[in-house]
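Secondary and tertiary structure notes
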Amino acid sequence: MRIPRELEKLMVFGIFLCLDAFLYVFTLLPLRVFLALFRLFTLPCYGLRDRRLLQPAQVCDILKGVILVICYFMMHYVDYSMMYHLIRGQSVIKLYIIYNMLEVADRLFSSFGQDILDALYWTATEPKERKRAHIGVIPHFFMAVLYVFLHAILIMVQATTLNVAFNSHNKSLLTIMMSNNFVEIKGSVFKKFEKNNLFQMSNSDIKERFTNYVLLLIVCLRNMEQFSWNPDHLWVLFPDVCMVVTSEIAVDIVKHAFITKFNDITADVYSEYRASLAFDLVSSRQKNAYTDYSDSVARRMGFIPLPLAVLLIRVVTSSIKVQGILSYACVILFYFGLISLKVLNSIVLLGKSCQYVKEAKMEEKLFNPPPTSAPSKPSSKSQNKCKPSQEENLSASVTSQPLHQKENVIPLLVTSNSDQFLTTPDGDEKDITQENSELKHRSSKKDLLEIDRFTICGNRID
């Protein structure tokens, strides 16, 4: 009975994390792109002091901004009305199958798309000895543009199918689509789950719920536009929206309750999951962070805000016509309101994250500097692993395993005896017998921090 409360605490915290990364695309990213372009154009006036024209973070910001702009103009060639009537002409069974295929494709696209974006950021920011090496950015850039465009179209088809379900007369399609959530219980409840697997599934549920909220917002915008923004029609949509949200929450609660029951997992594990997400946020705000926060959320939860942002901008610009000085003034005020919401959300999240990290006693991982000496034999072994040159480290894969990633990004990092518990136990575990129970308790929390710990590139991002 404690599962619903603990699960919803995790869900609310995770949804606000996704909201923070999503608002970043609309608020701070344009400002960062403007500052990066300003630095690029005014650089001849000050002279080239550094070897780099732009910092790695500024290069990533410009790439994100250019991808957004290109995909937005490409989305103008996709006719939403024709897609709506094409989907509406299909039978109910066909639409049910299409919606299931779209959900699977969305998860596959998110996983593959993050690798594409990682490869682009890595290629664009890694040090290059020859000028010809810069040409390698071009194919990665076109692959990233193609991915964001195709993923935005996939989400648009998903939103259109949901819109058809809302506008159907007998609501049979909406009922079938909601029953699809209960089929998810059958596919997951009777499987064996470890803590790490449950953590990954919880992150997937957070991302899925936030994406559904944005899809419902798009459906409401399209319907309100068709009825000339009549507020009475909003109350017609309200029961269906509540029904979809309630069914999603109920399915998540039942699924997690029985998974924890059958696998003998306590409800306290969700507080550990929440502390792990909070640790991601706090560590990404540090001065020596190797990843931007929005990309950290993308890797942890599989949530990539770029395609969803492209689609939302396309729907908003086509649904709302801006004419006259007063309308532009309202748009500017709305933009400043979004910035205020983003800053307020970030402040509250950072405060809550610090509180969760302190409660989980993880702050020593933030403030303890990495050791630089090798007093013991295990650390000398780790030094031998860290001997490859910097060029080999830069050429390592972005999606390597968590422990190897730390060795690749920071070549001087030396692991201690306690760090050996971050990985799967092996033969060396037999030699360590002191304080076994305490270390096992710590390792369960540290394992959660090492899931999907990838970096954009090996460069510092301010």
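Residues numbered from 1 in each chain as written. Predicted model: local features only at pLDDT ≥ 70, side-chain atom pairs only at ≥ 80, totals over all residues. Heavy atoms only, no water.

Considerations on the overall build of the protein
- Counting secondary structure elements, the protein contains 18 helices and zero strands.
- Counting across all 462 residues of the protein, residues that qualify as buried make up 47%.
- The contacts of the protein with a sequence gap of at least 6 include a subset with a gap of at least 24, amounting to 86%.
- Carbon and sulfur atoms provide 64% of the accessible area of the protein, an area that totals close to 24800 Å². (Helix = DSSP H or I, 4+ residues; strand = E, 2+ residues; numbered from the N terminus. Buried < 20%, exposed > 50% of the residue type's maximum accessible area, 1.4 Å probe, protein only. Contact = heavy atoms within 4.5 Å. Areas by Shrake-Rupley, 256 points an atom, 1.4 Å probe, with all protein chains shown as cover.)

Thoughts on the packing of helix α3 (residues 56-75) against helix α12 (residues 305-319)
- Packing of α3 against α12 brings their axes to within 10 Å, and their N-to-C directions diverge by 50°. By the angle class used here, α3 and α12 are oblique. Crossing hand, α3 versus α12: right-handed. Only Leu306, Ala309, Val310, Leu311, Ile313, Arg314 and Thr317 of α12 make contact with α3, whose side of the interface consists of Leu68, Cys71, Tyr72 and Met75.
- Here the residues of the contact of α3 with α12 are counted per class, giving nine nonpolar, one polar and one charged. (Axes fitted to C-alpha atoms, helices over the stretch in contact; angles between N-to-C directions. Parallel < 35°, antiparallel > 145°, perpendicular 65-115°, else oblique. Left-handed = near helix turned anticlockwise from the far one by under 90°. Nonpolar A, V, L, I, M, F, W, Y, C, P; charged D, E, K, R; others polar.)

A short note on the pattern of salt bridges
- This model, assessed by the stated rule, comprises 14 salt bridges.
- One salt bridge connects Asp106 with Lys207, and the closest N-O pair in it is separated by 2.9 Å. On the criterion of sequence distance, the pair formed by Asp106 in helix α5 (residues 92-125) and Lys207 in helix α8 (residues 195-226) is long-range, its members being 101 residues apart. Lys207 matches Asp106 in its accessibility class, with the two residues each being buried.
- Measuring nitrogen to oxygen at the nearest pair gives 3.1 Å for the salt bridge that ties Asp205 to Lys255. In this pair, Asp205 sits in helix α8 while Lys255 sits in helix α9 (residues 231-262), placing the two residues 50 residues apart along the sequence. Each member of the pair, Asp205 as well as Lys255, is classed as buried.
- A network of salt bridges, in which partner residues are shared, links Glu8, Asp205, Arg209, Asp252 and Lys255. (Salt bridge = Lys/Arg side-chain N within 4 Å of Asp/Glu carboxyl O.)

A word on the UniProt feature "transmembrane region" (unreviewed entry) in the protein
- Mapped onto this numbering, the UniProt entry annotates "transmembrane region" (unreviewed entry) at residues 12-38, 59-78, 141-166, 303-320 and 326-351.
- This span, residues 12-38, is 96% helix and 0% strand, and a straight line between its end C-alpha atoms measures 38 Å.
- Secondary structure across residues 59-78 comprises 85% helix and 0% strand; the distance between its end C-alpha atoms is 29 Å. (UniProt positions renumbered as here; feature names shortened; annotations may be inferred.)

Here's the deal with unusual backbone geometry
- Unlike most non-glycine residues, Ser228 shows phi in positive territory, near 55°.
- Within the element layout of this structure, Ser228 appears in the loop between α8 and α9.
- With a relative accessible area of 62%, Ser228 lands in the exposed category.
- The backbone phi angle of Trp229 is positive, close to 55°, even though this residue is not glycine.
- Here Trp229 lies in the loop between α8 and α9.

Here we look at the packing of α3 against helix α6 (residues 137-167)
- At their nearest, the axes of α3 and α6 sit 10 Å apart, and the two run at 50° to each other. In terms of their interaxial angle, α3 and α6 are classed as oblique. Handedness of the α3/α6 crossing: right-handed. Contact with α3, carried on its side by Leu63, Val66, Ile67, Ile70, Cys71, Met74 and Met75, involves Phe141, Ala144, Val145, Val148, Phe149, Ala152, Ile153 and Met156 of α6 and no other residues of that element.
- Along the lines of polarity and charge, the residues of the contact of α3 with α6 split into 15 nonpolar, no polar and no charged.

Considering helix α1 (residues 3-26)
- With 24 residues, α1 should cover 34 Å at 1.5 Å per step; its first-to-last C-alpha distance of 35 Å lies within 8% of that length.
- With 18 of 24 residues buried, α1 lies mostly within the body of the structure. (Expected span 1.5 Å × (residues − 1).)

Considerations on the side chain of Gln158
- Tracing the chain through its elements places Gln158 in helix α6.
- Judged by relative accessible area, which is 5%, Gln158 ranks as buried.
- Leave out the neighbours within four places in its chain, and Gln158 touches Tyr99, Leu102, Glu103, Asp106 and Leu215.

Describing the environment of Tyr147
- Topologically, Tyr147 is positioned in helix α6.
- The spatial distance from the C-alpha of Tyr147 to the C-alpha of Cys71 is 9.6 Å, given a sequence separation of 76 residues.
- Not counting residues up to four positions away in its chain, the partners in contact with Tyr147 are Phe109, Ser110, Gly113, Ile116, Leu117, Ile304 and Pro307.

Brief notes about the environment of Ile93
- Considering the arrangement of structural elements, one finds Ile93 in helix α5.
- Residue classification places Ile93 among the exposed positions, given a relative accessible area of 56%.
- Separated by 83 residues in the primary sequence, Ile93 and Ile176 have C-alpha atoms spaced 9.0 Å apart.

So, the state of the cysteines
- What the rule picks out here adds up to zero disulfides.
- In this structure Cys242 is a free cysteine whose sulfur lies 9.9 Å from that of Cys220, the closest cysteine sulfur available.
- On the accessibility criterion, Cys242 (30% relative accessible area) is partly exposed. (Disulfide = S-S within 2.5 Å.)

Description of the side chain of Asp106
- Owing to a relative accessible area of 7%, Asp106 belongs among the buried residues under this scheme.
- If we skip the residues at most four places from it in the chain, Asp106 touches His151, Leu154, Ile155, Gln158 and Lys207.

Side note on helix α10 (residues 269-284)
- For α10, spanning 16 residues, the distance from its first C-alpha to its last is 23 Å, which sits close to the expected 22 Å at 1.5 Å a residue.
- The element α10 is extensively covered by neighbouring structure, given that 15 of its 16 residues are classed as buried.

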